[in-house]
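# Architecture at a glance
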Amino acid sequence: MTGKKKLLDSTLERLKNVLDEHYDGDFEYTFKFIVPFGKLEELKTILNEHNLIERSSRNGKYISVTMIRKVAGGPEVVELYEKTSVINGLIAL
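Residues numbered from 1 in each chain as written. Predicted model: local features only at pLDDT ≥ 70, side-chain atom pairs only at ≥ 80, totals over all residues. Heavy atoms only, no water.

### Remarks on the nonpolar core
Stated formally: Think of a nonpolar core as a cluster: buried Ala, Val, Leu, Ile, Met, Phe, Trp, Tyr and Cys residues, connected wherever their side-chain atoms sit within 4.5 Å. Exposure classes here rest on a 1.4 Å probe applied to the protein chains alone. A residue is buried below 20% of its type maximum, exposed above 50%, and partly exposed in between. Helix numbers and strand numbers start at the N terminus; a helix is a DSSP run of H or I with at least 4 residues, a strand a run of E with at least 2. Whether two residues are in contact is decided by their heavy atoms: any pair within 4.5 Å suffices.
Residues Tyr-29, Phe-31, Leu-43, Leu-47, Val-65 and Val-77 are the most contacted members of the largest nonpolar core, which totals 21 residues. Looking at this core, the elements with two or more residues in it are helix H1 (3-22), strand E1 (27-36), helix H2 (40-47), strand E3 (62-71) and helix H3 (74-84). Here this core gets five residues from one element, more than from any other, and that element is E1. Aside from chain neighbours lying at most four places away, what touches Leu-47 is Phe-33, Leu-52, Val-65, Met-67, Arg-69, Leu-80 and Thr-84.

### Side note on the confidence of the model for the protein chain
Spelled out, the test is: In predicted models, pLDDT denotes the confidence assigned by the predictor to each residue on a 0 to 100 scale.
Chain-level pLDDT for the protein chain is 87 on average; 91% of the residues reach the 70-or-more range. Least confident of the elements in the protein chain is H1, whose mean pLDDT is 72; most confident is strand E2 (residues 52-56), at 96.

### A few points about H3
Inclusion rule: As used here, the arc belongs to the directions running from the helix axis to the C-beta atoms.
Gly-74, Val-77, Val-78, Leu-80, Tyr-81 and Thr-84 are the residues of H3 that are buried. Along the axis of H3, the buried residues cluster in a sector spanning 160°; they form a single face.

### Regarding the sheet that holds strand E4 (residues 91-92)
What counts is decided by this rule: The pairing criterion is simple: DSSP has to find at least two bridges between the two strands. A fitted line through C-alpha atoms serves as each axis, taken over the contacting stretch for helices, and the angle formed by two N-to-C directions is quoted from 0 to 180°.
Taken in spatial order, the four strands of this open sheet run E2-E3-E1-E4, and their pairing is antiparallel. Where the open sheet ends on each side, the last strands, each with one partner, are E2 and E4. Pairing of E1 with E3 involves 10 bridges; the strand directions are antiparallel. The partner of Ile-34 across the bridge, within E3, is Ser-64. Its contacts with the sheet place H2 against E1, E2 and E3, and it is angled at close to 0° to E3. Seen against the sheet, H3 touches E1, E3 and E4 and runs at an angle of roughly 10° to E1.

Here you go:
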């Protein structure tokens, strides 16, 4: 396992634990991503959502994407972040 992968796994595990401590049952979670313009369709495919808020950067190289989704708990949040982590250049906030 690479150092970058270990850091991602550790960060996602902490996020899952915090969410599980603070929420019981379903809740709405705001996902926010910054992605290179050329990778937007790849992100949309993974997110499989129609209610995305998109905003281009000043220079048009990047797009911020915000999505509010009802989730069943921390593991569902982590699963989506893991799926999107394969997109080169993506920043998950």
